[in-house]
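Listed below, chain by chain, are the residues.
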Amino acid sequence: MSATLPAQTDQSTLTGAEIVLRALKEQGVEVIFGYPGGAVLPIYDALFQQNAIRHILVRHEQAAVHAAEGYARSTGKVGCVLVTSGPGATNAVTGLLDALMDSIPLVCLTGQVPTHLIGNDAFQEADTTGITRPATKHNYLVKKIGDLSRTVHDAFYVARSGRPGPVVVDLPKDILLAKGTYEEASRQEHRSYRPQTRPDGAQIAKAIALLKGARRPVVYAGGGVINAGPEASELLGRFVRLANMPCTNTLMSLGVFPASDPRFIGMLGMHGTVEANLAMHGCDVMLNIGARFDDRVTGRLNAFSRGSKKIHADIDPSNINKNVKVDVPIVGDAVAVLRALIEAWEADGAGQDREALSAWWREIDGWRARDCLRYEQTGSIIKPQHAVKRLYEITREMGRDTFITTEVGQHQMWAAQYFGFEKPNRWMTSGGLGTMGYGLPAAAGVQIAYPDALVIDIAGEASILMNIQEMGTLAQYRLPVKVFILNNEYMGMVRQWQELLHGSRYSESYSASLPDFVKLAESFHARGLRATDASQLDDVIREMIAHPGPVIADICVDQKENVFPMIPSGAAHNEMILGAGQTGGVAGVTDEGKVLV
């Protein structure tokens, strides 16, 4: 086989499939996640004749997209997917919508029936562009070979520019077989899509005036800061320390500000900390960078931080004033915004009200003292919180660079609460769509990107079965992913809501007839481990980490444990439930936002 893509001796000798691969190589693609089928066999034939681009064969097209999400989220690169027409493309839709809601840059190449058969209900035909329009940032149907290279280059530009997201390029089979010329990306310029990246100086000045005059400020950082790259995280830390303000993160941005920093007040939102939620409720100035005021963060909108002035910086102008009306809108890239804020802060001669700021920190420390994440690990039954905390502590003891993915449910929230993240891009989870089955293929994508890193999928016994076939991908490519199942034999979050909101009527939430996960692991050529007693937990974790190949660790945990704190749907930030029968116990702020001493 050739070590590179086929040489181009004549501009007219390239097939559409070869043009696609040449465009991918020019865009820096090293790995593509996919599943073959008739409509894309010309691309697979071209892949066979080169080894510049590595192809990872997944076991389901949804998993291909999740794997590309994990790769993209952990590296900051654009993830690439290749699937066939019809069911191949429709199977990818869940992953595409997941990437859209979490702003993950992807390009998904989908096969299509020949152009002369489009609209004839041909074998394995689907209206891919119509189906994926609401699930993507943009999509294309290529109808002329002369448009092919430009379209692929455009797709990558759109996917990575502005607010990142997934882009579909639908490729009819006759276009892939036709001969055409290749146009380099450097010769092209996108005329219609030019996102604003540099913030307006007047808006920055307004923001600094509010922040300098704040008595109870809070910095609220979202996934957009991670999407902007490592420099954005560094600048966020610099600004927070410069201003000595409390910083809270969304579920999507954990690690963007170090969990060990005393200015970090934890994750906010439905299962956030008391100190983060009450700080948001009672602040007088809020700086939102790269978050979209998601409903799981805001709670009841008419009660959300009613007494605060709100500054919202986002690269997507459609996010501003969409959910929450703000006082100072700033459109721009997080790096540019944070640089401008730091420069303006240092240049501004006004001082802070240090006495008020000290009082605000004392108030926050009082909320911290409630230790809202406290749990009791007594007896032999493993508490799920304890399992995650020991996983975190042991990985830190071993000094491994650790990447965490999750499925969706209670285990996801416990992972967010008890696994401390010091760096960005180490936490991959499905936030906006909440996709069960995300974690295992995402972990495969991360492991492909970082072959020597420790990659752990913290899972639930129900979620892991959604894409369990991807254990075959781990086996084929010898990916040493560790699956850490918190097994409570229930769809845990469903059971929790049924207990708290539906009179403990556990309708269809028990995971009956579960497999033996140890034997299941062994059937996929992996190692299977199990802990049923708290005394076994540490040994199982250490053995899981030490094993050189893929592992499923079945951690049998307390079936009745719930995730707290919890803001019930439709409640406000100061209406948290701290535990069984504890409501209203954290009231420390009036509805007007005044902090009670």
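Residues numbered from 1 in each chain as written. Predicted model: local features only at pLDDT ≥ 70, side-chain atom pairs only at ≥ 80, totals over all residues. Heavy atoms only, no water.

1. Considerations on the overall build of the chain
Here is step 1: In terms of helices and strands, the chain carries 22 helices and 22 strands.
Here is step 2: What you see for the chain is a C-alpha radius of gyration of 25 Å, in line with the 25 Å of a compact globule of 597 residues.
Here is step 3: If you line up the chain on its principal axes, its C-alpha atoms span 75 × 60 × 45 Å.
Here is step 4: A separation of at least 24 residues holds for 76% of the contacts in the chain among residues at least 6 apart in sequence.
Here is step 5: Total accessible area computed for the chain in this model is approximately 23,200 Å², and 49% of it derives from carbon and sulfur atoms.
Here is step 6: Within the chain, the 64 negative side-chain charges are centred at a point lying 4 Å from the centre of the 57 positive side-chain charges. (Helix = DSSP H or I, 4+ residues; strand = E, 2+ residues; numbered from the N terminus. Rg over C-alpha atoms; globule rule 2.2 N^0.38 Å. Contact = heavy atoms within 4.5 Å. Areas by Shrake-Rupley, 256 points an atom, 1.4 Å probe, with all protein chains shown as cover. Lys, Arg positive; Asp, Glu negative; His and termini not counted. Charge placed at Lys NZ, Arg CZ, Asp CG, Glu CD.)

2. Overview of the UniProt feature "domain: Thiamine pyrophosphate enzyme TPP-binding" (unreviewed entry) in the chain
Here is step 1: Within this structure's numbering, the places UniProt gives as "domain: Thiamine pyrophosphate enzyme TPP-binding" (unreviewed entry) are residues 408–554.
Here is step 2: The span residues 408–554 carries 36% helix and 16% strand; its end-to-end C-alpha distance comes to 17 Å. (UniProt positions renumbered as here; feature names shortened; annotations may be inferred.)

3. Examining the sheet that holds strand S19 (residues 527–531)
Here is step 1: Overall, parallel pairing links the six strands, which are arranged S16-S15-S17-S18-S20-S19 in an open sheet. One side of each edge strand has no neighbouring strand; the edge strands of this open sheet are strand S16 (427–428) and S19.
Here is step 2: Inspection of the sheet shows strand S15 (residues 402–406) paired to S16 by two bridges, in the parallel sense. Paired with Ile-404 across the bridge in S16 is Trp-427.
Here is step 3: The sheet contacts of helix H17 (residues 410–418) involve S15, S16, strand S17 (454–460) and strand S18 (482–487), and relative to S17 the element is tilted by about 135 degrees. (Pairing = 2+ DSSP bridges. Axes fitted to C-alpha atoms, helices over the stretch in contact; angles between N-to-C directions.)

4. A closer look at the side chain of Gln-496
Here is step 1: As for its position among the elements, Gln-496 is in helix H20 (residues 492–501).
Here is step 2: The contacts of Gln-496, once residues within four sequence positions are left out, are His-271, Gln-410, Asn-562, Val-563 and Met-566.

5. Some details on the environment of Tyr-157
Here is step 1: Here Tyr-157 shows up in helix H7 (residues 148–160).
Here is step 2: Through-space distance from the C-alpha of Tyr-157 to that of Ser-318 is 19 Å; in sequence the pair is 161 residues apart.
Here is step 3: If sequence neighbours within four positions are ignored, Tyr-157 has contacts with His-190, Tyr-193, Arg-194 and Pro-195.

6. Some words on the packing of aromatic side chains
Here is step 1: For the structure shown, the criterion picks out 14 aromatic pairs.
Here is step 2: Here the aromatic rings of Phe-33 and Tyr-71 are separated by 5.9 Å at their centres, their planes lie at 65 degrees, and the arrangement is edge-to-face. In this pair, Phe-33 is assigned in strand S2 (residues 31–34) and Tyr-71 in helix H3 (residues 61–75), connecting sequence segments 38 residues apart.
Here is step 3: Between Tyr-157 and Tyr-193, the ring centres sit 6.1 Å apart and the planes meet at 80 degrees, which makes this aromatic pair edge-to-face. In this pair, Tyr-157 is assigned in helix H7 and Tyr-193 in the loop between strand S8 (179–180) and helix H9 (201–212), connecting sequence segments 36 residues apart.
Here is step 4: Tyr-157 gets classed as partly exposed once you look at its relative accessible area, which sits at 25%.
Here is step 5: Aromatic ring contacts, followed pair by pair, group Tyr-392, Phe-419, Phe-421 and Trp-427 into a single cluster.
Here is step 6: Residue placement shows Lys-212 over the ring face of Trp-345; its charged tip is 4.7 Å from the ring centre.
Here is step 7: Above the plane of the ring of Tyr-490 lies Arg-495, whose end atom (NZ or CZ) is 5.9 Å from the centre. (Phe/Tyr/Trp six-rings, centres within 6.5 Å; stacked < 30°, edge-to-face > 60°. Buried < 20%, exposed > 50% of the residue type's maximum accessible area, 1.4 Å probe, protein only. Lys NZ or Arg CZ within 6 Å of the ring centre and 35° of its normal.)

7. Overview of the pattern of salt bridges
Here is step 1: Enumeration over the complete set of coordinates arrives at 23 salt bridges.
Here is step 2: Note that Glu-30 is salt-bridged to Lys-77, the shortest N-O span being 3.5 Å. Placement of Glu-30 in the loop between helix H1 (16–26) and S2 and of Lys-77 in the loop between H3 and strand S4 (79–83) is noted, with a sequence separation of 47 residues between them.
Here is step 3: Under the relative-accessibility criterion, Glu-30 is labelled partly exposed at 45%. (Salt bridge = Lys/Arg side-chain N within 4 Å of Asp/Glu carboxyl O.)

8. Things to note about the packing of helix H16 (residues 384–398) against H17
Here is step 1: Between H16 and H17, the shortest axis-to-axis distance is 9 Å and the interhelical angle comes to 50 degrees. Between H16 and H17, the interaxial angle falls into the category oblique. Of the two elements, H16 crosses H17, and the hand of that crossing is right-handed. Contacts from Pro-384, Gln-385, Val-388, Lys-389 and Tyr-392 in H16 reach Trp-414, Ala-415 and Tyr-418 in H17.
Here is step 2: Counted by class, the contact of H16 with H17 contains six nonpolar, one polar and one charged residues. (Parallel < 35°, antiparallel > 145°, perpendicular 65-115°, else oblique. Left-handed = near helix turned anticlockwise from the far one by under 90°. Nonpolar A, V, L, I, M, F, W, Y, C, P; charged D, E, K, R; others polar.)

9. Some words on H1
Here is step 1: Extensive coverage of H1 is indicated by the burial of eight of its 11 residues.
Here is step 2: Looking at H1, one finds that the buried residues are Gly-16, Ala-17, Ile-19, Val-20, Leu-21, Arg-22, Ala-23 and Leu-24.
Here is step 3: Two residues or fewer after H1 comes Gly-28, characterised by a positive phi angle close to 85 degrees.

10. A short note on the side chain of Arg-216
Here is step 1: If you trace the backbone, Arg-216 turns up in the loop between H9 and strand S9 (217–221).
Here is step 2: Buried and without a salt bridge, Arg-216 has Asp-284 as its closest oppositely charged side chain, separated by 4.8 Å.
Here is step 3: There is a polar contact of 2.7 Å between the side chain of Arg-216 and the backbone oxygen of Gly-282. (Polar contact = N/O pair within 3.5 Å; in protein donor to acceptor, adjacent residues only side chain to side chain.)

11. With respect to the sheet that holds S9
Within a sheet, each strand pairs with its neighbour through backbone hydrogen bonds, oriented either parallel or antiparallel.
Here is step 1: Taken in spatial order, the six strands of this open sheet run S11-S10-S9-S12-S13-S14, and their pairing is parallel. Since the sheet does not close on itself, it has two edges, and those belong to strand S11 (264–267) and strand S14 (328–331), each with one partner. Adjacent strand axes in the sheet meet at a mean angle of 15 degrees, parallel and antiparallel pairs treated alike.
Here is step 2: One ladder, built from five bridges, connects strand S12 (residues 285–289) with strand S13 (residues 309–314); its direction is parallel. If you follow Ile-289 over to S13, its bridge partner there is Ala-313.
Here is step 3: Contacts from helix H12 (residues 274–282) reach S9, strand S10 (247–249), S11 and S12, with the element oriented near 100 degrees to S11.

12. Section: H12
Here is step 1: The buried fraction of H12 is high, at nine of nine residues.
Here is step 2: Of the surrounding elements, those touching the buried residues of H12 are S9, S10, S11, S12, helix H15 (354–368) and strand S21 (577–579).

13. Focus: the domain arrangement of the chain
Here is step 1: Annotation of the chain at the domain level lists domain 1 (14–187), domain 2 (201–369) and domain 3 (384–556).
Here is step 2: One C-alpha centre belongs to domain 1, the other to domain 2, and the line joining them spans 37 Å.
Here is step 3: Of the residues lining the interface, seven residues belong to domain 1; the matching set on domain 2 comes to eight residues.
Here is step 4: Of the roughly 700 Å² buried where domain 1 meets domain 2, counting both sides, 47% is carbon and sulfur surface.
Here is step 5: The three residues of domain 1 that bury the most area against domain 2 are Arg-73, Asp-102 and Arg-163, which together make up 69% of that side's buried surface.
Here is step 6: At the junction of domain 1 with domain 2, the criterion picks out one salt bridge.
Here is step 7: With a shortest N-O distance of 3.3 Å, Arg-163 and Asp-316 are connected by a salt bridge. (Domains from an automatic or database assignment. Buried area = accessible area lost by both parts, 1.4 Å probe.)

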